[in-house]
Amino acid sequence: MPLLKKVLSFFVHGRFYIAVAAMLLAVQSSLLLRAQIPSIGLCAFVFCATLFAYSIYYIDLKRPVYPYHKATTILAAIGAFISFLFIVNDVHWGVLILLCIYGGLYTFSRFLPFKLFTYSTVKICLLTAVWILAVVFLPFGKFIPLGIPFYLFALHQFIFIFILNFLFDIKDIELDEKKETSSLATKFGETNSYFFISFLEISLIILLYFLMTDRSNLLSPYIVPLLIGNIALTFSIRKTKTNRDIYNFLLYIDGLMILQCALVIFTFYAIRYA
């Protein structure tokens, strides 16, 4: 049992957990709007690229629970390069270039000679945009299914992931205030931050309503699983107000992405084979 806990801890703290979440979000997008699973190469690329991005960001972390971020970064970079070779002919270069630019600006903003990308609002929007490009736009390759259902779903996912990122800002609010580090949570304050998140949650419900009433009916069968995911988000927010341990945040908050995917993927195959 202690060994199992250690393995799970390494899986979560090593950011393999969030890399799996990113991969599943890409699968979910493709299933919802193209009714097929993306290629193995694309799934591997999203997994490895996410693992690389988070590993390199935490590579200088003092006394990490997972001490192999440097080795993981190297292996993830190799994996991303190899998997990219399998999708190079199908990838949308505009999306990929934006993904690399936004990811680079977010990760290396502190090394730039200007401070625009170190501002809290800009950073959290950059991080969320990277996620959306990777898990909503990239899975479709050259043929992105532009239209009302796609735009509404992309906006829903943007707000959903923005909330998750914002929750991590709130978790670190006391530490950021001690270090005099600016974040969206330190600007708003804890009470106003949770109030703003409540407003964003209402926005998610409104978007689901518009998806439900869309004439194409493309995503209407998935309103319930998406709604359940949003309800789970509300429950998790309340739970983490009293317990801000990093392991719980990584496990439960990042786990909301996996929960959303699991519900949607289950619904997709239940409809197909019912």
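Everything quoted here is computed from the prediction, not taken from an experiment.

Draft legend 1. Inspection of the layout of surface pockets at higher detail. In this model, the second largest pocket occupies a volume close to 230 Å³. Together, 15 residues line the second largest pocket, and R34, S39, D90, P139 and G141 are the ones closest to its centre. Tallied by class, the residues present in the lining of the second largest pocket amount to 9 nonpolar, 3 polar and 3 charged.

Draft legend 2. Main features of the packing of aromatic side chains. Considering all chains together, one arrives at 19 aromatic pairs under this definition. Where Y66 meets Y68, the ring centres are 5.5 Å apart and the plane angle is 85°; that geometry is what we call edge-to-face. Residue classification places Y68 among the partly exposed positions, given a relative accessible area of 45%. With a centroid separation of 6.4 Å and an interplanar angle of 20°, the aromatic rings of F158 and F162 are classed as stacked. Separated by 4 residues within a single helix, F158 and F162 lie in helix 7 (residues 148–171), roughly one turn from each other. Since its relative accessible area comes to 27%, F158 is described here as partly exposed. Residue classification places F162 among the buried residues on the basis of a relative accessible area of 10%. Put simply, the rings of F10, F11, F16, Y17, Y66 and Y68 touch in pairs and so form one group of aromatic residues.

Draft legend 3. Spotlight on the environment of Y119. Examined against the element boundaries, Y119 turns out to sit in the loop between helix 5 (93–107) and helix 6 (120–137). In this structure Y119 comes out as partly exposed when scored by relative accessible area, which is 47%. Between the alpha carbons of Y119 and S109 there is a distance of 9.4 Å; along the sequence they are 10 residues apart.

Draft legend 4. View of the side chain of S193. Residue position: S193 is located in helix 10 (residues 190–213). Of the polar contacts made by the side chain of S193, one reaches the backbone oxygen of G189; its length is 2.6 Å. Setting aside anything within four residues of it in sequence, one finds S193 in contact with F166, I170, L184, A185 and F188.

Draft legend 5. Local environment of the environment of L200. When you line up the elements, L200 lands in helix 10. The buried category is assigned to L200, whose relative accessible area is 9%. Not counting residues within four places of it along the chain, the set of residues in contact with L200 comprises I159, F162 and I163.

Draft legend 6. Spatial organisation of the packing of helix 10 against helix 11 (residues 223–240). Where helix 10 meets helix 11, the closest approach of the two axes is 10 Å, and the angle between their N-to-C directions is 175°. Here helix 10 lies roughly antiparallel to helix 11, going by the angle between them. Facing Y194, I197, E201, L204, I205, L208, L211 and M212 of helix 10, the residues of helix 11 in contact are I223, L226, L227, N230, L233, T234, I237 and T240. Residues of the contact of helix 10 with helix 11, tallied by class, amount to 12 nonpolar, 3 polar and 1 charged.

Draft legend 7. Layout of unusual backbone geometry. The backbone of R15 sits at a positive phi, close to 70°, despite the residue not being glycine. Relative to the helices and strands, R15 is located in the loop between helix 1 (2–13) and helix 2 (16–34). Not every positive phi belongs to a glycine, and A35 is a case in point at roughly 60°. Residue placement: A35 occurs in the loop between helix 2 and helix 3 (40–57). Taking relative accessible area as the criterion, A35 reaches 38% and is therefore assigned partly exposed.

Definitions and cut-offs
Residues numbered from 1 in each chain as written. Predicted model: local features only at pLDDT ≥ 70, side-chain atom pairs only at ≥ 80, totals over all residues. Heavy atoms only, no water. 1 Å grid on protein atoms, 1.4 Å probe; cavity = no way out; pocket = protein on both sides within 12 Å on 5 of 7 lines; lining within 4 Å. Points joined across faces, edges and corners; volume = space filled by probe spheres on them. Nonpolar A, V, L, I, M, F, W, Y, C, P; charged D, E, K, R; others polar. Phe/Tyr/Trp six-rings, centres within 6.5 Å; stacked < 30°, edge-to-face > 60°. Buried < 20%, exposed > 50% of the residue type's maximum accessible area, 1.4 Å probe, protein only. Helix = DSSP H or I, 4+ residues; strand = E, 2+ residues; numbered from the N terminus. Polar contact = N/O pair within 3.5 Å; in protein donor to acceptor, adjacent residues only side chain to side chain. Contact = heavy atoms within 4.5 Å. Axes fitted to C-alpha atoms, helices over the stretch in contact; angles between N-to-C directions. Parallel < 35°, antiparallel > 145°, perpendicular 65-115°, else oblique.

Such coordinate-based values are descriptive only and should not be taken to indicate function.
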